[in-house]
Amino acid sequence: RSFSGWNTASDGSGTDYDPNDTCTITDNTTLYAQWTVSGGVECATIGTGTLTSTRVPINTYYNYFTTQSLYTASEVNAALRDNTLINSLSFYHSAYTTTYNIKIYLAHTSQTALSASSAVTTATEVFNSNGNMTVGASSAGWQTFDLDTPFQYNGTDNLLVIVCGTGSYNLSVT
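Cut-offs applied
- Residues numbered from 1 in each chain as written.
- Predicted model: local features only at pLDDT ≥ 70, side-chain atom pairs only at ≥ 80, totals over all residues.
- Heavy atoms only, no water.
- Helix = DSSP H or I, 4+ residues; strand = E, 2+ residues; numbered from the N terminus.
- Buried < 20%, exposed > 50% of the residue type's maximum accessible area, 1.4 Å probe, protein only.
- Arc of directions from axis to C-beta.
- Contact = heavy atoms within 4.5 Å.
- Patch = residues over 30% accessible without salt bridge, like charges linked within 9 Å, V, L, I, M, F, W, Y side chains within 5 Å.
- Areas by Shrake-Rupley, 256 points an atom, 1.4 Å probe, with all protein chains shown as cover.
- Salt bridge = Lys/Arg side-chain N within 4 Å of Asp/Glu carboxyl O.

## Some points on the environment of Val 76
And then number 1: Mapped onto the secondary structure, Val 76 falls in helix α1 (residues 73-80).
And then number 2: The class for Val 76 is buried, based on a relative accessible area of 0%.
And then number 3: Sequence spacing of Val 76 and Thr 45 is 31 residues, and the spatial spacing of their C-alpha atoms is 9.0 Å.

## Points about α1
Each α-helix turn comprises 3.6 residues. Residues three or four places apart therefore point the same way.
And then number 1: Every buried residue of α1 is accounted for by Ala 73, Val 76, Ala 79 and Leu 80. When α1 is viewed along its axis, its buried side chains cluster within an angular range of 140° and face the same direction. In this structure, α1 carries Ser 74 and Ala 78 as exposed residues pointing more than 90 degrees from its buried face.
And then number 2: The inward-facing, buried residues of α1 abut β4 (64-71), β5 (85-93) and β9 (158-167).

## Focus on a nonpolar patch on the surface
And then number 1: Where nonpolar side chains cluster on the molecular surface, the patch consists of Phe 3, Trp 6 and Trp 35 and spans about 310 Å² of accessible area.
And then number 2: Within the secondary structure layout, Trp 35 lies in strand β3 (residues 32-36).
And then number 3: Given a relative accessible area of 47%, Trp 35 falls into the partly exposed group.

This is the structure we're talking about:
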């Protein structure tokens, strides 16, 4: 997403002002930032959202965890389009709150299934909380992680999402 200018109406139907325009404002005027989505979609959902486990992808049962989720190229392409830059990831969580140091990695892979013996040798760290952050909330909902390093999906391979964390032991998950 990139900044494309200002407009006098929030929906972009008013007067446009380019980012470098000079204008004189004589009355109370509200200007709304206008954004352009380039190279992809603003928000895409992959999967049905029917998983009810409280331990994927962020497992608060122990004070450390690593989870892996594999998305097929057809799932990713249907949601994101080919060659799309991924800027954030969101995970739906049940009602819990704890603090963890979170790292998220993304990788292109030809793997079609995950197993304990399947090792990924190259993954890109795209998010690092650099210390404890609050994970979850008092009620179920989405938690978004804005990536430190956007990831360019190649449109061909399957996508592996690896989430790692260390933090507080928490049994009070509902």
